[in-house]
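# Architecture at a glance
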Amino acid sequence: MSDNPEKFLKQANLIAGEWVAADSGETIDVNNPATGDIIGTIPNSGREETRRAIEAAQESFESFRKTSVLERAQLLRKMHELILENQETLAQLLSMEQGKPLAESRGEVGMSAAYVLWYAEEARRTYGDVVPSPWADRRILVTKEPLGVVAAITPWNFPSSMLARKIAPAIAAGCTVVAKPATQTPYSGIAWGMIAQMAGVPAGVVNVVTGSASQIGGELTKNPLVRKITFTGSTEVGKLLIKQSAATVKKVSMELGGNAPFIIFDDADIERAVAGAMAAKYRNSGQTCVCTNRFLAQSKIYNKFVERLAEESDKLVVGNGREEGTQQGPLIDEKAVESVESMIEDAVKNGGKIVAGGKRHELGGTFFQPTVIANAKPKMRFTREEIFGPIAPVYRFKTEEEAIELANNTEFGLASYFYTQDLGRVFRVMEGLKYGLIGVNEGIITTVEAPFGGLKESGLGKEGGHQGIEDYLDTKYVCIGGLGL
């Protein structure tokens, strides 16, 4: 088996089972963020191509919705097998277009396969109900049915697993999909179309369109044939998609921005907390929605935690993600580097102290040093804004109540973490935090078996767990009378 990523480097849209270019023939270059090299091109598609993809999905839905759950489960199991058979190839492709270390890419592709297998199993558990009737001569049924065409819009930071969490439950439920991967990392998204074809998924069930976000997104939200929008990305774009979807009253699932607090109490196991902090902060160079945005350390252990975090941050191996041993790859583009630099400048101006990193890496390009900033204050920009880079600001707090208040003082509510060895405190803090995901003495908590999704302005709906398939189903109530009972 070859691990050459070009095996899955398809430079075309998938519409109704056919690989096609943009109508205009225009293309968009795709760069490797580690080297700056152009990997290839993708179609610069717009409304017309998207409309045809939606119509193909609708046509396929009419037959696909009638397939048995066993048939759909078998298709998903085949997709699961194909992903694992090609795990190294897909990981190489992912690292090439996104920049993250191979170890992380292998993990993401493995997680993608796990989501597919999970929903192969959940397909057979979309139970309805027989409800006790208040009428002696009637019977009441509650049934679950696939809702229709699903539009899936995904970001560049997890280009494989974000689509896994959308395509897999859609197929499991009997829906069809039009996917729009990010233009910066499109090939891992296009690969889903190839995997679906290889597995024997009927033409039109999975469609992939690349190109203009505004035109493709505009058609997906406007077109009445699309019955659900599932989006992972910024809160700003999510709000726009919700607004645009309102005219046709689509079902929406939104996994949006975060501002994750990571609280270290005085009684925490410091070494365990530092290990969790490294994982929760620097995964994918800090470019994830669940990455720690704010470290909150209690007064007694503040200095020790800052010292140890800085020591470990300085040890991280920065480099090309496709080189073995790399622990942190490049940022996605120059704009991301400038944003990180701007936040560091703001922090220093407002009294922050750089204790590790703080500037571009000697490798050049978009590589950046893992950075720890002590004396973080509420007036600094990253208190309110999502960092999306390798900056670890550390704030000081005195009491448990203050920590909860600081953690919740944001419009976001996606992920949060805290470290303590006090069992009572575990429950008090857990119940006090307004977040959809909470890690207690753990820095990496995402798993296919559990529901993933935020509170407040971090989103709507859940992905993963048994809850993840519900948003792809319509619930019907059927009252049957005239039974002569």
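Since the structure is predicted, the reported quantities are computational estimates derived from the model, not experimental observations. (Residues numbered from 1 in each chain as written. Predicted model: local features only at pLDDT ≥ 70, side-chain atom pairs only at ≥ 80, totals over all residues. Heavy atoms only, no water.)

Right, let's talk about the overall build of the chain for a bit. Along the chain, the regular secondary structure elements total 13 helices and 20 strands. For the chain, whose C-alpha radius of gyration is 23 Å, the value lies close to the compact-globule estimate of 23 Å for 485 residues. Viewed in the frame of its principal axes, the chain has a C-alpha envelope of about 75 × 60 × 40 Å. Across the 485 residues of the chain, 56% fall into the buried class. A fraction of 73% describes how many contacts in the chain between residues 6 or more apart in sequence connect residues 24 or more apart. Surface exposure of the chain reaches about 19200 Å², of which carbon and sulfur atoms provide 52%. Separation of charge centres in the chain, based on 53 positive and 60 negative side chains, amounts to 5 Å. (Helix = DSSP H or I, 4+ residues; strand = E, 2+ residues; numbered from the N terminus. Rg over C-alpha atoms; globule rule 2.2 N^0.38 Å. Buried < 20%, exposed > 50% of the residue type's maximum accessible area, 1.4 Å probe, protein only. Contact = heavy atoms within 4.5 Å. Areas by Shrake-Rupley, 256 points an atom, 1.4 Å probe, with all protein chains shown as cover. Lys, Arg positive; Asp, Glu negative; His and termini not counted. Charge placed at Lys NZ, Arg CZ, Asp CG, Glu CD.)

Taken together, three strands build an open sheet; the order of strands is 5-6-20 and the sheet is antiparallel. Whereas interior strands pair on both sides, the edge strands pair on one side only; in this sheet they are strand 5 (129-131) and strand 20 (473-480). This sheet shows a mean twist of 20° between the axes of neighbouring strands, independent of strand direction. With eight bridges connecting them, strand 6 (residues 139-146) and strand 20 associate as antiparallel partners. Across the sheet, residue Ile140 finds its bridge partner in strand 20, namely Cys479. (Pairing = 2+ DSSP bridges. Axes fitted to C-alpha atoms, helices over the stretch in contact; angles between N-to-C directions.)

Okay, helix 6 (residues 187-199) next. Each turn of an α-helix holds 3.6 residues, which means side chains three or four residues apart point in the same direction. Helix length check: helix 6, at 13 residues, gives a terminal C-alpha distance of 18 Å against a target of 18 Å (1.5 Å per residue), a fit within 8%. Among all positions in helix 6, only Tyr187, Ser188, Gly189, Ile190, Ala191, Trp192, Gly193, Met194, Ile195, Ala196 and Ala199 are buried. Gly200 sits one or two residues past helix 6 and shows a positive phi near 90°. (Expected span 1.5 Å × (residues − 1).)

Spatial strand order, 14-15-16-13-12-17-18: seven strands in an open sheet with mixed pairing. In this open sheet, the two edge strands, each paired with only one partner strand, are strand 14 (353-356) and strand 18 (437-440). Across the sheet, the mean angle from the axis of one strand to that of its neighbour is 25°, orientation sign disregarded. Note: strand 12 (residues 260-264) against strand 17 (residues 415-419), three bridges, orientation parallel. In the strand pairing of strand 17, Phe262 is matched with Tyr417. Against the sheet, helix 9 (residues 270-282) contacts strand 12, strand 13 (292-298), strand 15 (371-374), strand 16 (391-397) and strand 17, and its axis sits at roughly 170° relative to strand 12. Helix 13 (residues 423-432) contacts strand 13, strand 17 and strand 18 of the sheet and is inclined by roughly 160° relative to strand 17.

Glancing now at the environment of Ala275. In this fold, Ala275 is placed in helix 9. Exposure remark for Ala275: the relative accessible area of 49% places this residue in the partly exposed category. With 228 residues separating them in the primary sequence, Ala275 and Arg47 have C-alpha atoms 47 Å apart.

A cluster of nonpolar side chains, namely Val478, Ile480, Leu483 and Leu485, defines an oily patch on the protein surface of about 310 Å² accessible area. Along the chain, Val478 falls in strand 20. For Val478, a relative accessible area of 32% translates into the label partly exposed. (Patch = residues over 30% accessible without salt bridge, like charges linked within 9 Å, V, L, I, M, F, W, Y side chains within 5 Å. Salt bridge = Lys/Arg side-chain N within 4 Å of Asp/Glu carboxyl O.)

This paragraph deals with the side chain of Ser161. As for its position among the elements, Ser161 is in helix 5 (residues 161-173). Filtering out sequence-adjacent residues up to four positions away, Ser161 remains in contact with Glu108 and Ser112.

Bridge count for strand 5 against strand 6 is three bridges, and the pairing is antiparallel. Paired with Val130 across the bridge in strand 6 is Leu141.

Moving on to helix 5. The end-to-end C-alpha separation of helix 5 is 18 Å, in line with the 18 Å expected for 13 residues at 1.5 Å each. A large share of helix 5 lies buried, amounting to 13 of its 13 residues. Positioned one or two residues after helix 5, Gly174 has a phi angle of 100°, which is positive.

Next up on the list: the pairing of strand 18. Burial along strand 18 is one-sided: the face carrying Leu437 and Gly439 is buried and the face carrying Ile438 and Val440 is not. This β-α-β element, strand 17 to helix 13 to strand 18, shows right-handed connectivity. (Right-handed = clockwise from strand over helix to strand, strands pointing away.)

In a structure, side chains of opposite charge can pair up when their charged atoms sit close to one another. Taken as a whole, this structure holds 26 salt bridges when the rule is applied. Between Glu457 and Lys239 there is a salt bridge whose closest N-O contact spans 2.9 Å. Separated by 218 residues along the polypeptide, Glu457 in the loop between strand 18 and strand 19 (459-460) and Lys239 in helix 8 (residues 235-245) bring together distant segments of the chain. By relative accessible area, Lys239 is classed as partly exposed at 44%. With its nearest N and O atoms 3.3 Å apart, the salt bridge here joins Arg425 to Asp267. Here Asp267 lies in the loop between strand 12 and helix 9 and Arg425 lies in helix 13, a separation of 158 residues in the sequence. On the basis of relative accessible area, Asp267 is assigned to the partly exposed category, the value being 26%. What you see here is one network of salt bridges that share partners, running through Glu271, Arg308, Glu311, Glu312 and Lys315.

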